[in-house]
Amino acid sequence: MTQAQNGNWLRAKGHAGSKVTFLELFFDLVFVFSVSQLSHALFAHYTPLGAIEAALMMFAVWWVWIFTAWATNWLDPERMPVRSMLIVLMLLGLVLSAAIPEAFGEKGLLFATAHVLMQVGRSAFTSYAMRPVGRSSYINFVRITIYFAFSGLFWIAGGFLEQEARLICWAVALAVEYCGPALAFAVPGLGRSRTEEWDVSGAHMAERCALFIIICLGEAILVSGRTFSEMEFSLLTGVVFAIGFIGTVAMWWLYFRFGHQRAAHRIEHEDTPGSLARLAFTYAHLPVLAGIIVHAVAVEFMFEHPHETGNLAIAASVLGGSGLFLIGNLWFKGATSGRLPLSHLAGIVFLLLSAFVAPFLQVYVMGILATLVLIVVAAWEYKSLTRAPAGPTLH
């Protein structure tokens, strides 16, 4: 294949070239399964160790998805080689998701192998596709491939080890991967990346992350609806169902009404969009994702143990889901506006203070409290924005 043909694998510059394609949406369907598996795994093994394992797998799933989003920011999914690569990634992602419940059991090697093949394969493919752009872009993805190949050694090794050793080995692998962007993918002999070279389409990146959040929120609604349909109807189950739904709607309102549009506008007009995308989308969305998953788990607990009191573990999920979501939005909005929204800070502080009275509250009452916090934060932010003069900041 000639370089001219190879160059056709890249997106055209401009608004039309930054649109999210139907194949990218199709690709995201695999991650509906991933998020579902993560919430089920956390609910089924709701212990300190189970929470750590679920968090580790969530970090792994998110890192696969966000780096694919970065790659398709440059690659054109309408081109057959890129389309084929994404379909292969979908198959491997399905294997990765299917292995989640037993990732720290019999399917550890399967989970690790799928993760490594996705990360290394996609990065190597993108490095080849970037060759016509210039040496700096090509070398940048070579560095990324090296980081994933190095972390892959720990992923595969962990697949052969027992549970505790596997957890440590995979934690090291994730540390290597997550430090990569922060270290500018520094590699001896190949230098470091410069954020000025990460010429991303801000609109595409913002839309991709927004669609992923929609998927996660959709899973939270599915959990609530599925559990509600399996239970005998009563006034209490109806209340819990309403709590779960309203809480999810409040999350959607906070992210899409007050965060997504401003972030898309800011990154499109940023001098160094790659640097902002690294902070606001690559890292800051992690607690947003974690908050939605924990919220889905909390809804299941509210259905199964509505009257229970004194269970600090359940209280942590009910209050922690809303808290993590607010922390993520605080980080995201602070990165894209330059100022931290006071409403979110107040909401986080109130949830922390609520933990002191949580042992004396029934689980469903805590759910009502956490949902009210999200509603109040959304109302506060709406009022602040309508009063604030036009400008790049939130408040």
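So, here's what we can say about the structure. (Residues numbered from 1 in each chain as written. Predicted model: local features only at pLDDT ≥ 70, side-chain atom pairs only at ≥ 80, totals over all residues. Heavy atoms only, no water.)

## Some thoughts on the layout of surface pockets
Working step 1: One number sums up the size of the second largest pocket: a volume of about 300 Å³.
Working step 2: Broken down by secondary-structure element, the contributors of at least two residues to the lining of the second largest pocket are α2 (22-44), α3 (48-74), α11 (285-304) and α12 (312-337).
Working step 3: Among the residues making up the lining of the second largest pocket, the classes are represented as 13 nonpolar, 3 polar and no charged. (1 Å grid on protein atoms, 1.4 Å probe; cavity = no way out; pocket = protein on both sides within 12 Å on 5 of 7 lines; lining within 4 Å. Points joined across faces, edges and corners; volume = space filled by probe spheres on them. Helix = DSSP H or I, 4+ residues; strand = E, 2+ residues; numbered from the N terminus. Nonpolar A, V, L, I, M, F, W, Y, C, P; charged D, E, K, R; others polar.)

## Focus: helix α13 (residues 342-354)
Working step 1: With 13 residues, α13 extends 18 Å between its outermost C-alpha atoms, agreeing within 8% with the 18 Å of an ideal straight helix rising 1.5 Å per residue.
Working step 2: Within the sequence span of α13, burial applies to Ser 343, His 344, Gly 347, Ile 348, Leu 351 and Ser 354. With its buried residues spanning 135 degrees around the axis, α13 presents them on a single face. Looking at α13, the residues exposed on the side facing more than 90 degrees away from the buried face are Leu 352 and Leu 353. (Expected span 1.5 Å × (residues − 1). Buried < 20%, exposed > 50% of the residue type's maximum accessible area, 1.4 Å probe, protein only. Arc of directions from axis to C-beta.)

## As for a nonpolar patch on the surface
Working step 1: Taken together, the side chains of Ile 214, Ile 221, Phe 245, Ile 246, Val 249, Trp 252, Trp 253, Ile 368, Leu 372, Ile 375 and Tyr 382 make up a nonpolar region of the molecular surface, amounting to roughly 920 Å² of accessible area.
Working step 2: Elements supplying a minimum of two residues to the nonpolar patch: α8 (202-230), α9 (235-268) and α14 (363-387). (Patch = residues over 30% accessible without salt bridge, like charges linked within 9 Å, V, L, I, M, F, W, Y side chains within 5 Å. Areas by Shrake-Rupley, 256 points an atom, 1.4 Å probe, with all protein chains shown as cover. Salt bridge = Lys/Arg side-chain N within 4 Å of Asp/Glu carboxyl O.)

## Digging into the environment of Cys 169
Working step 1: Topologically, Cys 169 is positioned in helix α7 (residues 163-182).
Working step 2: Setting aside anything within four residues of it in sequence, one finds Cys 169 in contact with Phe 154, Ala 157, Gly 158 and Leu 161. (Contact = heavy atoms within 4.5 Å.)

## Overview of the packing of aromatic side chains
Working step 1: With the rule as written, the count across this model stands at 32 aromatic pairs.
Working step 2: Geometrically, the ring pair formed by Phe 43 and Phe 301 is tilted, given 5.0 Å between the ring centres and 50 degrees between the ring planes. Residue Phe 43 is found in helix α2, and its partner Phe 301 is found in helix α11; the two are separated by 258 residues along the sequence.
Working step 3: Note on Phe 43: relative accessible area 19%, which makes it buried.
Working step 4: Assessed through its relative accessible area of 7%, Phe 301 is described here as buried.
Working step 5: Relative to Phe 141, the ring of Trp 74 has its centre 5.5 Å away and its plane inclined at 90 degrees; by these criteria the two rings are edge-to-face. In this pair, Trp 74 is assigned in helix α3 and Phe 141 in helix α6 (residues 135-159), connecting sequence segments 67 residues apart.
Working step 6: On the accessibility criterion, Trp 74 (12% relative accessible area) is buried.
Working step 7: An aromatic cluster is defined as three or more aromatic residues linked by ring pairs; in this entry it consists of Phe 59, Trp 63, Phe 67, Tyr 147, Phe 148, Tyr 178, Phe 185 and Tyr 283.
Working step 8: Sitting over the face of the ring of Tyr 138, Arg 131 holds its NZ or CZ atom 5.9 Å from the ring centroid. (Phe/Tyr/Trp six-rings, centres within 6.5 Å; stacked < 30°, edge-to-face > 60°. Lys NZ or Arg CZ within 6 Å of the ring centre and 35° of its normal.)

## Re the state of the cysteines
Working step 1: Under the definition given, this model contains 0 disulfides.
Working step 2: Summary of cysteine pairing: Cys 169 is not part of a disulfide, and the nearest cysteine sulfur, belonging to Cys 179, is at 16 Å.
Working step 3: According to the relative accessible area criterion, Cys 169 is buried, its value standing at 12%.
Working step 4: Counting only cysteine sulfurs, Cys 216 is the nearest neighbor of Cys 209, a cysteine outside any disulfide, at a range of 11 Å.
Working step 5: For Cys 209, a relative accessible area of 0% corresponds to the buried category. (Disulfide = S-S within 2.5 Å.)

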